[in-house]
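# What the coordinates show
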Amino acid sequence: ANIADKFVSLFNRNNRRTGYSARFYEFLCSVNNGREFLTRIRPHSEKSGAAMRSCQIGLLLHEEDVLDYAAVQASVTHNTPAGIASSQAVALAVHYFTYGVDEKKNLGSYLEERVCGARFGHDLLTDTTDKVGELGMESVHAAVTALRHTTCMQDLLKLCVEFGGDVDTVAAIAGGIASCAPDYFEQNIPENLVMTLENGEFGRDFLVKLDRRLVEFKRKINNL
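Since the model is a prediction, treat every value here as computed from it, not as a measurement.

## Here we look at the packing of helix α9 (residues 153-162) against helix α10 (residues 167-178)
- Where α9 contacts α10, the two axes come as close as 9 Å, and the packing angle between them is 155°. By the criterion of interaxial angle, the relationship of α9 to α10 is roughly antiparallel. The interaxial crossing formed by α9 with α10 has right-handed handedness. Here M153, L156, L157, C160 and V161 of α9 come into contact with α10, specifically with V167, V170, A171, A174, G175 and A178.

In structure tokens form, the structure reads like this:
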């Protein structure tokens, strides 16, 4: 219920067409609160929306909480085994690097053991070269492949784009994970990509402040 309320309130706070699919934008325009959202939503998607918003969940300290929270947030709009698994995989990848679970080369094995992408045709132990479609596990597979073969943000972005297809989703997922990975010692996103971001009320400066809040959140839970 809290997640649904936030969907509606944040949409109304900054109503804009960019960033939403046409159908979901129309849906958000038609609901007034979280209860109405939950009553009318058809949460049967296997697409990538739930995976794209899972990175920060990986900052939670305990793996079981990461799995639970990622499943709950996904179920609001993507209440399918594949939709939930894609959300959990992204959150777990951030958790894996944030808390030094293991080396980068073993990320695929870690994720397969916990969410088993192979169930959905995407074995995360292997690389993919396929053009990326709309499904969440397709984007997760491509992101894990890109992470496996790069050690700096600029190379990661290039490799994400080279897949073709839904590359903005792949880059959003892979970039979020890499920002927590010590292997990415060179956080060299090209300056023009940062400085040309729009900077209105919820633009670049807002995102920087949000990032700092997330870092502070991680520090606090580490000290519990």
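## Looking at the nonpolar core
- The biggest cluster of nonpolar side chains holds 41 residues, and the ones touching the most others in it are L107, L111, V140, L156 and I177.
- Of all the elements in the fold, those that place two or more residues in this core are α5 (63-75), α6 (81-98), α7 (107-115), α8 (136-148), α9 and α10.
- The element that contributes the greatest number of residues to this core is α6, accounting for nine residues.
- The residues contacting V140, other than those within four sequence positions of it, are A51, S86, A89, V90 and L124.
- Listed in part, the twelve residues of the second largest apolar core include V8, Y25, F27 and V31.

## Here's the deal with the pattern of salt bridges
- For the structure on display, the rule yields seven salt bridges.
- Of the charged contacts in the structure, one is a salt bridge between E198 and R16, with a shortest N-O distance of 3.0 Å. Of this pair, E198 sits in the loop between α11 (191-195) and α12 (204-222) while R16 sits in the loop between α1 (2-13) and α2 (22-30); the two residues are 182 residues apart in sequence, bridging distant segments of the chain.
- In this structure R16 comes out as partly exposed when scored by relative accessible area, which is 30%.

## So, the side chain of T128
- You can see T128 is positioned in the loop between α7 and α8.
- Exposure remark for T128: the relative accessible area of 10% places this residue in the buried category.
- A distance of 3.2 Å separates a polar side-chain atom of T128 from the backbone nitrogen of D130.
- Not counting residues within four places of it along the chain, the set of residues in contact with T128 comprises H141, A142, T145 and F163.

## So, the environment of A82
- Along the chain, the position of A82 falls in helix α6.
- Its relative accessible area of 7% is what places A82 among the buried residues.
- Distance in space between the C-alpha atoms of A82 and G49 is 12 Å, their sequence separation being 33 residues.

## Re the packing of aromatic side chains
- For the coordinates displayed, the defined rule picks out twelve aromatic pairs.
- For the pair F7 and F37, a centre-to-centre distance of 5.3 Å together with 15° between the ring planes defines the contact as stacked. Placement of the pair is F7 in helix α1 and F37 in helix α3 (residues 34-40), with a sequence separation of 30 residues. The pair F7 / F37 is uniform in exposure class, with both members buried.
- Judged by centre distance (5.4 Å) and plane angle (85°), the ring pair of F11 and Y20 falls under edge-to-face.
- Here the aromatic residues F7, F11, Y20, F24, Y25, F27 and F37 are joined through ring pairs into a cluster of three or more.

How each quantity is defined
- Residues numbered from 1 in each chain as written.
- Predicted model: local features only at pLDDT ≥ 70, side-chain atom pairs only at ≥ 80, totals over all residues.
- Heavy atoms only, no water.
- Axes fitted to C-alpha atoms, helices over the stretch in contact; angles between N-to-C directions.
- Helix = DSSP H or I, 4+ residues; strand = E, 2+ residues; numbered from the N terminus.
- Parallel < 35°, antiparallel > 145°, perpendicular 65-115°, else oblique.
- Left-handed = near helix turned anticlockwise from the far one by under 90°.
- Contact = heavy atoms within 4.5 Å.
- Core = buried A, V, L, I, M, F, W, Y, C linked by side-chain atoms within 4.5 Å.
- Buried < 20%, exposed > 50% of the residue type's maximum accessible area, 1.4 Å probe, protein only.
- Salt bridge = Lys/Arg side-chain N within 4 Å of Asp/Glu carboxyl O.
- Polar contact = N/O pair within 3.5 Å; in protein donor to acceptor, adjacent residues only side chain to side chain.
- Phe/Tyr/Trp six-rings, centres within 6.5 Å; stacked < 30°, edge-to-face > 60°.

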